[in-house]
Amino acid sequence: MMFSRKKQEIINPYTVEQCALCNAVKKKKFAEDDYVFKTIGKCSSCNNGTVLISKIYGESVK
Ligand SMILES: [Zn+2]
């Protein structure tokens, strides 16, 4: 007999933003129009660099 118990895994997507100049990294919740290498804007750490999305990944919630 087989149980079709589905393992429910909830994945929370995150977006990692990184400054191209000072490499400051910020993690935020994924927004629907986010994509890798999207320009976010000026860096708030060094006030000079451009912040890009460097990574998008999912974290499973327990
Ligand atoms: Zn910076």
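Residues numbered from 1 in each chain as written. Predicted model: local features only at pLDDT ≥ 70, side-chain atom pairs only at ≥ 80, totals over all residues.

### A word on the overall build of the protein
Point 1. Within the protein, the secondary structure is distributed over zero helices and four strands.
Point 2. In terms of its C-alpha atoms, the protein occupies a principal-axis envelope of roughly 65 × 20 × 10 Å.
Point 3. Nonlocal contacts in the protein, meaning residues at least 24 apart in sequence, comprise 48% of its contacts between residues at least 6 apart. (Helix = DSSP H or I, 4+ residues; strand = E, 2+ residues; numbered from the N terminus. Contact = placed C-beta atoms within 7 Å.)

### A short note on the environment of Asp34
Point 1. In this structure, Asp34 sits in the loop between strand E2 (25–29) and strand E3 (39–42).
Point 2. With 17 C-beta atoms counted inside 10 Å, the residue Asp34 sits in the partly exposed group.
Point 3. For the pair Asp34 and Glu59, spaced 25 residues apart in sequence, the C-alpha separation works out to 16 Å.
Point 4. Setting aside chain neighbours within four positions, we find Asp34 in contact with Thr15, Ile53 and Ile56. (Buried ≥ 20, exposed ≤ 12 C-beta atoms within 10 Å, placed from the backbone.)

### Points about the pairing of strand E4 (residues 50–61)
Point 1. In terms of burial, E4 is largely open, as just one of its twelve residues are buried.
Point 2. Taken together, the ten bridges between strand E1 (residues 10–19) and E4 define a ladder with antiparallel strand orientation. Its bridge partner being in E4, Gln18 is matched across the sheet by Leu52. (Pairing = 2+ DSSP bridges.)

### Section: the sheet that holds E3
Point 1. Spatially, four strands are ordered E2-E1-E4-E3 in an open sheet, and the strand pairing comes out antiparallel. Two strands close off the open sheet at either side, each with one partner strand: E2 and E3. If you compare each strand with its neighbour and ignore which way they point, the axes differ by 35° on average. (Axes fitted to C-alpha atoms, helices over the stretch in contact; angles between N-to-C directions.)

### A short note on the environment of Gly41
Point 1. Residue position: Gly41 is located in strand E3.
Point 2. For Gly41, a count of 9 C-beta atoms within 10 Å translates into the label exposed.
Point 3. In this structure the C-alpha to C-alpha distance between Gly41 and Val25, which are 16 residues apart in sequence, comes to 13 Å.

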